[in-house]
Structures are given as C-alpha cells and as structure tokens.
Amino acid sequence: MKIAVVGATGLVGRVILKVLEERNIMPDELLVAASAASVGKELNFKGKSLKVTSVDDALARKPDLAIFSAGADVSRTYAPRFADKGCFVIDNSSAWRMIDDVPLVVPEINAHIINADTKIISNPNCSTIQMVLALWPLKRNYGIERLVISTYQSVTGSGKKALEQLMNEREGKHGRRAYPHRIDLNLLPHGGEFLKNGYTTEEMKLVNETRKILDDSEIKITATVVRVPVKGGHSESINVRLKKEFNLKDIRRLIRNTPGVELHDEPWDNIYPMPYYAEGNDKVFVGRLRVDESEPNSLNMWVVSDNLRKGAATNAVQIAAYIIDNIISK
C-alpha cells in the first residue's frame, strides 16, 4: 500500500505524519509532497528521513490513498487527478465540502457513507468537527431544533503565519502578519472572509457543514466566530434547543458514552474543558452543561478540542484507517 501526504510540511501536514505514526499506520511506501519551495527538504517518520517531493511526482507514483492539506486551490486542481488514477483522496480544505456527491465525514458519525466508488472524501472544518461530535448523541436521542454558537478559535487555525504573528507580538518583534489587527492581548470577531449577509465564511461553514454531516437541513443555526490569542485548541459556547424535553442527567450519560468525547463537567471543583489541556489530545472535551432557563427544551454546553488533531489531522487519519480496513484491504 502506498500513501501520500500532500502539504506535508505545513502545520496540519506535520501532525498528520505524527498521527499516522502514533496509530501505527505503516504503508509500504509513504510519499510526502509539498510546494516547490519545500521540495528536497526532509521530514522524519518512524525514525526514517523522507525527502519531500512535488505534488506531480507524488501523482506519478500512483498512491492508493492521499491525504491533502495544501489549501483549496491545490485540492481543486489535484484531487480529481489523483482520483482518476484510482486513489482515495481525503481533503482537508474547503474545496469539496459542500459538493453534493462528496461525503463530508466525521468517522464516529457517518464513515459508513464511504464506499469503493467514493474517491474524494472531505474533512470538515475544525470547529465543525468538534461540535457535531459533541452534538451527535443529542441529535440521535432528542433531535435538534436550533443552535446558537460562539467560537473562540486559536491562531493555529489560520496557519503558520498567524502563529508567527502571535509569538512575535508577544515578544515585541516585527514580522509577517496574518490578521488586520494585533492578536496578542486582543480578540478578533473575524474568521475567514466577510460575506454580503454580514457573516464570515467560517461562520457559514458551521451552518452548512453541520446540516450536511447531521443530515438535517431543517436545523436552525447561527454562529459568531472569534479568533483568540491561543496557540492550540478551539473552544465553543453552544446553546442547543432540542425537539423533546430532556433530563440533564441523561444528557451527561449520552455524552459520556460517545466515542471520542470526554466529559469534564465538575465546575464546583474547577473541572471544565480548556484549550490548555486539550492541546495535543485527540478527544473532544465537553463541560459546563446546564439547562437554559430562558428557553424550553434548551441547554448550554462548552466544547473544546485541539484543532490541529481531531479538528484536522486525526479526523483525516481516522477516515484513512476506515478506508484501509473496510475497502482497500477487502
């Protein structure tokens, strides 16, 4: 089996390699590809040095499976070309997420929709992944009527340049900027590009991707995305209106029993999810569960996860593992 990682030198690409290694996914050949500026560099995998190739070179070597994390433009150009050679493509960009016949997958929820003919599979946005995984047991057992979401997203969600800006500002240095304003000691209510409706592209991803993954176009959703001076881990405040009356004890039970989710909900002992503790972890952490006393059948929850791992790399590798185990190996 031959696997390619396209965009291997980026923040997410490097974590993909790390997660492949941690999960002991050992192809016969691992191809690491990136832009022309990175060709010839070396990356470490399982104690071995791998030389970075161009995307065209990786394509010519006909991998069985490729994980893309090189941006939407690269994915639009190359994903169909890899797929035409029989390669399964797992894409981490926004390029294919809302295309009708491209599955948008969080494995714990809907991996079953992937089959041998599904050559392009889309990885959802990081903030969507952690949210839908926390909401999935509520959707199955009670139904969801409405979501009001506020996110507090780390700078690593914007890439290396944003992390560099934060650390430079923290150290009083000048350098490249990813944001129109300072980010250290500040908050930016600005994620993605602003649209004509006043929302941003990041906010509309939460709306549209959630409906697609949960297979429910009727859920009412509104979102505000905020970028915060945190280097790893997205946090979300979510107000959920369910379709049925609920018992908070049962909500806790459902969340506690959901694969990939961990309940940290003992606020009287100062136990609640925080990005500081989520960084480097594959779990989605849920806490601050409480009844919304102003609205029927509603509750509030606080959801935190590492955006580079479950929000990107780990989710993609989980999809890859599903394809290897259930399609390629059979």
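To be clear, the structure that these remarks concern was listed above.
Quick caveat, the model's predicted, so the values are computed rather than measured.

Cut-off values and rules
- Residues numbered from 1 in each chain as written.
- Predicted model: local features only at pLDDT ≥ 70, side-chain atom pairs only at ≥ 80, totals over all residues.
- Heavy atoms only, no water.
- 1 Å grid on protein atoms, 1.4 Å probe; cavity = no way out; pocket = protein on both sides within 12 Å on 5 of 7 lines; lining within 4 Å.
- Points joined across faces, edges and corners; volume = space filled by probe spheres on them.
- Helix = DSSP H or I, 4+ residues; strand = E, 2+ residues; numbered from the N terminus.
- Nonpolar A, V, L, I, M, F, W, Y, C, P; charged D, E, K, R; others polar.
- Salt bridge = Lys/Arg side-chain N within 4 Å of Asp/Glu carboxyl O.
- Pairing = 2+ DSSP bridges.
- Contact = heavy atoms within 4.5 Å.
- Axes fitted to C-alpha atoms, helices over the stretch in contact; angles between N-to-C directions.
- Phe/Tyr/Trp six-rings, centres within 6.5 Å; stacked < 30°, edge-to-face > 60°.
- Buried < 20%, exposed > 50% of the residue type's maximum accessible area, 1.4 Å probe, protein only.
- Lys NZ or Arg CZ within 6 Å of the ring centre and 35° of its normal.

1. Things to note about the layout of surface pockets
In this model, the largest pocket occupies a volume close to 1100 Å³. As for the largest pocket, its lining consists of 48 residues, of which V12, G71, G157, S158 and G159 are closest to the centre. Those elements that provide at least two residues to the lining of the largest pocket are helix 1 (11–22), helix 3 (72–84), helix 7 (201–213) and helix 10 (309–328). With 3 residues, the top contributor of residues to the lining of the largest pocket is helix 3. When its residues are assigned to classes, the lining of the largest pocket shows 19 nonpolar, 23 polar and 6 charged.

2. Re the pattern of salt bridges
Using the criterion set out here, one finds 21 salt bridges in the structure. The residue E145 makes a salt bridge to R241 at a minimum N-O spacing of 2.9 Å. Here E145 is found in strand 9 (residues 144–153), whereas its partner R241 is found in strand 11 (residues 234–242), with 96 residues between them in sequence. Overlapping salt bridges, with partners in common, bring together E22, R23, D282 and R309 in one network.

3. Re the sheet that holds strand 2 (residues 29–34)
Ordered in space as 5-2-1-6-7-8, the 6 strands form an open sheet in which the pairing is parallel. With partners counted over all chains shown, the strands left at the sheet margins are strand 5 (53–54) and strand 8 (120–122), one partner each. Strand direction decides the pairing type here: strand 6 (residues 65–68) and strand 7 (residues 88–91), joined by 4 bridges, are parallel. The residue of strand 7 that forms the bridge with I67 is I90. Sheet contacts for helix 1: strand 1 (2–6), strand 2 and strand 6; angle to strand 1, the most-contacted strand, approximately 150 degrees.

4. Observations concerning the packing of aromatic side chains
Considering all chains together, one arrives at 3 aromatic pairs under this definition. Considering the side-chain rings of F68 and F82, the 5.2 Å spacing of their centres and the 85 degrees angle between planes classify their relative orientation as edge-to-face. Here the residue F68 occupies a position in strand 6, and F82 occupies one in helix 3, the gap between them amounting to 14 residues. Residue F68 shares its accessibility class with F82, and that shared class is buried. When the centroid spacing of 5.1 Å and the interplanar angle of 80 degrees are considered together, the rings of Y276 and Y277 count as edge-to-face. There is no split in this pair, since Y276 and Y277 are both exposed. A cation over an aromatic ring shows up here: K119 above the ring of F88, its NZ or CZ 3.9 Å from the ring centre.

That's the geometry; what it means functionally is another story.
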